Protein chains: 2
Amino acid sequence: MARYFENSSDALVSDALEGFALVHDDLITFDPQHGFLLARHTAPSRRVALVSGGGAGHEPMHAGYVGRGMLDAACPGRVFASPHNRQVYEGSRAAARPEGVLHIVKNYTGDRINFGIAAERLARCDIPCARVLISDDLASDADGIASGRRGTGGTVLIEKLLGAAADDGLGLAELQELGERLSARCRTLAVASAAHTAPTLGEPAFHLGADEIEYGVGIHGERASATARQGPLDALIDRMSEELIAALDPEPGSTLLTLVNGLGAVTPLELYAIHREFSRVLGRHGLSPARTLVGDYVTALDMRGFSLTLLVADPSDLPFYDAPVHTAALRW
Amino acid sequence: MARYFENSSDALVSDALEGFALVHDDLITFDPQHGFLLARHTAPSRRVALVSGGGAGHEPMHAGYVGRGMLDAACPGRVFASPHNRQVYEGSRAAARPEGVLHIVKNYTGDRINFGIAAERLARCDIPCARVLISDDLASDADGIASGRRGTGGTVLIEKLLGAAADDGLGLAELQELGERLSARCRTLAVASAAHTAPTLGEPAFHLGADEIEYGVGIHGERASATARQGPLDALIDRMSEELIAALDPEPGSTLLTLVNGLGAVTPLELYAIHREFSRVLGRHGLSPARTLVGDYVTALDMRGFSLTLLVADPSDLPFYDAPVHTAALRW
């Protein structure tokens, strides 16, 4: 099996961050000592800074979303591991605006704890801090899962919308409220036909048969609760789309944002063909996406899989989506 | 082994093009009957249309580069197969501007033949047509290879520069001359640690050992002339970069454009770490990139590999690079 192209599995993330800082020097600064990336330019109208972060291995998230119209700072951890609370604290202090900091946190235990400790430390420095928890993963939406739904693909859409809202001058409580509404109306479902390569082993994290997929896979290489038949694409997207629609139950004509997201090794050909099927199923319910992203936005190293995200927005959210953004990975 | 997510290997490309046209309806129109994509908006100042194309499986190339500031039309073939000359002819006719059409052709026999027949047909309709042949692949630069160097990663940089030059109002001969100068001063070298999945088989196109790479691999799954040890990243990039520098022999302080390009399944972490090493070797020669792209720009389905491109430009080319571009895959 193929290993990663790297000097060592220990060095990969820090080498990559140095390379990222070289390439995107116009957009961000990287503080290697404290482990965060800071946007060079954010709107003067922004009263609250947006700070996110999480384990590495999900690139372009979050480093690729730091810049004009989106995040003020991002704190990357090691591969699939939460950033240290000190990184989040230092990044938040460096980014803080007059009305404080909003933490955008994907729902994983480590991230919740580390962002939580950082928030307590910020409070002691009189820096107001609130949190939006992203928990869009439909596959972990079950009574037996005490930690709740995981945060995944929807994070990109919500960070984009919150970025524009922050530029619009919304206050801390207003941004938190908007983020919570968006997160509550967002669901994602992911499948994989091959695992990512485990960095320290250079071997696939798990093995699947020729026509098998993990149905409801996470973005950290954890297996799903169910292994299913891959089958033809139309039947697979039928099932996934129907489950997303059933979970959110949008009225016909709702304002929908969709994301067809590659988890690493899936080709653009497949992603665009997947979008075509997703649109077809939505159409059957009198639904169509108002805005759509197709590409690798939240990955799981080199996993061969993809996720579908459905976000039921308000029409008033669309100007936030359409507002200009200029980051390494998202720009319009 | 994992199969592609598709309805059938026959349907994948056409399904993907339909999906692409749904997502990027603001940028392009897709003519399924004649098999080409056409930019909705190009600059009125453009006297010559830029038309490219080639086999599918290299996405985002070329469909992702149709739009403002870049290509007027693209003609996609089947996976790794040249478009039919009729597609090129129809796409060129639809895109043609007052001073004709420039074909940007990667150096492969099928593409040369089909673009050539299309050019003859255009001449019979009194549509002037010239060609820029892209042949940047250093690994196929050998006396024994009669077909000459293959065209690969450099195509993206040259299509970007020519797009801006066309917007600037350059005529057909001037654009051809610029393209030929750029192609002559551009070299690319690619390696892979795992083959792409062959679409009809659902199996890797070739097999490599745990620490083996194909050194000088092409973008159609053809094996390289040499299999080498992968080893640590710094030594690999040392070797690749030194060979590119030796081939072009740029003066210290030259105006360089670089591209670190993923071939499919390589992660952004790796690509940015690769850029860091590439910059280090360039620095040893008194060189540094004036402009840099890092990402998946010219792929070979889900191949686990990457390419390095070095283009020795004139300082006067930089405004063409920096000029705005708005396509599916490249925008600033």
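Residues numbered from 1 in each chain as written. Chains lettered and ligands numbered in written order. Predicted model: local features only at pLDDT ≥ 70, side-chain atom pairs only at ≥ 80, totals over all residues. Heavy atoms only, no water.

- Under the annotation held in an unreviewed UniProt entry, chain A carries the name Dihydroxyacetone kinase subunit DhaK and is attributed to Streptomyces tagetis.

## Some words on the overall build of chain A
Then step 1. Scanning chain A from N- to C-terminus turns up eight helices and 16 strands.
Then step 2. Counting across all 332 residues of chain A, residues that qualify as buried make up 62%.
Then step 3. In chain A, the proportion of contacts linking residues at least 24 apart, taken out of those at least 6 apart, comes to 75%.
Then step 4. Carbon and sulfur atoms provide 50% of the accessible area of chain A, an area that totals close to 11,400 Å².
Then step 5. In chain A, 29 positive and 42 negative side-chain charges are present, and the distance between their average locations comes to 2 Å. (Helix = DSSP H or I, 4+ residues; strand = E, 2+ residues; numbered from the N terminus. Buried < 20%, exposed > 50% of the residue type's maximum accessible area, 1.4 Å probe, protein only. Contact = heavy atoms within 4.5 Å. Areas by Shrake-Rupley, 256 points an atom, 1.4 Å probe, with all protein chains shown as cover. Lys, Arg positive; Asp, Glu negative; His and termini not counted. Charge placed at Lys NZ, Arg CZ, Asp CG, Glu CD.)

## Regarding the packing of helix α4 (residues 154–167) of chain B against helix α5 (residues 172–184) of chain B
Residue and element names in this part refer to chain B.
Then step 1. Viewed as axis vectors pointing N to C, α4 and α5 meet at an angle of 155°, and their least axial separation amounts to 10 Å. One finds that α4 runs roughly antiparallel with respect to α5. Considering how the two elements wind past one another, α4 and α5 form a crossing that is right-handed. The segment α4 lies against α5, with Ile158, Leu161, Leu162, Ala165 and Ala166 engaging Leu175, Leu178, Gly179, Leu182 and Ser183.
Then step 2. Residue classes in the contact of α4 with α5 are distributed as eight nonpolar, two polar and no charged. (Axes fitted to C-alpha atoms, helices over the stretch in contact; angles between N-to-C directions. Parallel < 35°, antiparallel > 145°, perpendicular 65-115°, else oblique. Left-handed = near helix turned anticlockwise from the far one by under 90°. Nonpolar A, V, L, I, M, F, W, Y, C, P; charged D, E, K, R; others polar.)

## Let's talk about the side chain of Gln230 of chain B
Then step 1. By the secondary structure assignment, Gln230 of chain B is in the loop between β11 (226–229) and α6 (233–248).
Then step 2. A residue is classified by how much of its surface remains accessible, and Gln230 of chain B, at 3% relative accessible area, is buried.

## Observations regarding the nonpolar core
Then step 1. Among the nonpolar cores identified, the biggest contains 98 residues, and Phe306 of chain A together with Leu102 of chain B are the most heavily contacted of them.
Then step 2. Not counting residues within four places of it along the chain, the set of residues in contact with Leu102 of chain B comprises Val48, Ala49, Leu50, Val51, Ala130, Arg131, Val132, Leu162, Leu172, Leu175 and Gln176 of chain B. (Core = buried A, V, L, I, M, F, W, Y, C linked by side-chain atoms within 4.5 Å.)

## What about the side chain of Asp72 of chain A?
All names here are of chain A.
Then step 1. Looking at the element boundaries, Asp72 is found in the loop between β4 (67–68) and β5 (73–79).
Then step 2. For Asp72, a relative accessible area of 3% corresponds to the buried category.
Then step 3. Among the polar contacts listed, one links the side chain of Asp72 to the side chain of Arg46, at a separation of 2.6 Å.
Then step 4. Apart from the residues within four sequence positions on either side, Asp72 is in contact with Leu37, Leu38, Ala39, Thr42, Arg46, Val48, Ala49, Leu50, Val66, Ala95 and Arg97. (Polar contact = N/O pair within 3.5 Å; in protein donor to acceptor, adjacent residues only side chain to side chain.)

## Remarks on empty space enclosed by the protein
If you roll a probe as big as a water molecule over the atoms, it shows you where there is empty space left.
Residues and elements named next belong to chain B.
Then step 1. The final tally for this structure, using the stated rule, is two cavities of 30 Å³ or more.
Then step 2. The computed volume of the largest cavity comes to approximately 40 Å³.
Then step 3. Partitioned by chemical class, the residues of the lining of the largest cavity number four nonpolar, three polar and two charged.
Then step 4. Here the lining of the largest cavity gathers at least three residues from each of two domains, domain 1 (12–184) and domain 2 (186–319).
Then step 5. Taken as a whole, the second largest cavity holds about 30 Å³ of empty space. (1 Å grid on protein atoms, 1.4 Å probe; cavity = no way out; pocket = protein on both sides within 12 Å on 5 of 7 lines; lining within 4 Å. Points joined across faces, edges and corners; volume = space filled by probe spheres on them. Domains from an automatic or database assignment.)

## Considerations on the relation of the copies chain B and chain A
Then step 1. For the pair chain B and chain A, the best superposition has an RMSD of 0.0 Å and corresponds to a rotation of 180° with a translation of 0.0 Å parallel to the axis. On this basis, the relationship between the two copies can be described by a two-fold rotation axis. Closest approach to the rotation axis within chain B is made by the C-alpha atom of Ala265 of chain B, at a distance of 2.1 Å.
Then step 2. When you check the interface residues of chain B against chain A, 100% turn up at the interface there too, and the contact is symmetric in its surfaces. (Least-squares fit on C-alpha atoms with pLDDT ≥ 70 in both.)

## What about the packing of aromatic side chains?
A ring pair, where both rings are aromatic, is described by two values, the distance of the centres and the angle of the planes.
Then step 1. Tallied over the full model, the rule gives six aromatic pairs over all chains.
Then step 2. A cation over a ring is seen here: Arg239 of chain B above Tyr215 of chain B, with NZ or CZ 3.6 Å from the ring centre. (Phe/Tyr/Trp six-rings, centres within 6.5 Å; stacked < 30°, edge-to-face > 60°. Lys NZ or Arg CZ within 6 Å of the ring centre and 35° of its normal.)

## Examining the domain arrangement of chain A
Size of an interface: often given as the accessible area lost when the parts come together.
Residues and elements named next belong to chain A.
Then step 1. By domain assignment, chain A separates into domain 1 (12–185 + 321–327) and domain 2 (186–320).
Then step 2. A C-alpha centroid distance of 22 Å is found between domain 1 and domain 2.
Then step 3. Of the residues lining the interface, 37 residues belong to domain 1; the matching set on domain 2 comes to 37 residues.
Then step 4. Across the domain 1 to domain 2 interface the summed buried area is about 3,200 Å²; carbon plus sulfur atoms make up 59%.
Then step 5. Among the ionic pairs, Arg181 bridges to Asp317, the shortest N-O distance being 2.9 Å.
Then step 6. Inspection of the region where domain 1 meets domain 2 yields 25 residue pairs in polar contact (both at pLDDT 80 or more).
Then step 7. Of all elements in the fold, only α4 (154–167), α5 (172–184) and α8 (318–322) reach the threshold of two or more residues within the side of domain 1 that touches domain 2.
Then step 8. Of the residues forming the side of domain 1 that touches domain 2, the biggest block, eight residues, is contributed by α4.
Then step 9. Here the side of domain 1 that touches domain 2 is built from residues that sort into 19 nonpolar, seven polar and 11 charged. (Buried area = accessible area lost by both parts, 1.4 Å probe. Salt bridge = Lys/Arg side-chain N within 4 Å of Asp/Glu carboxyl O.)

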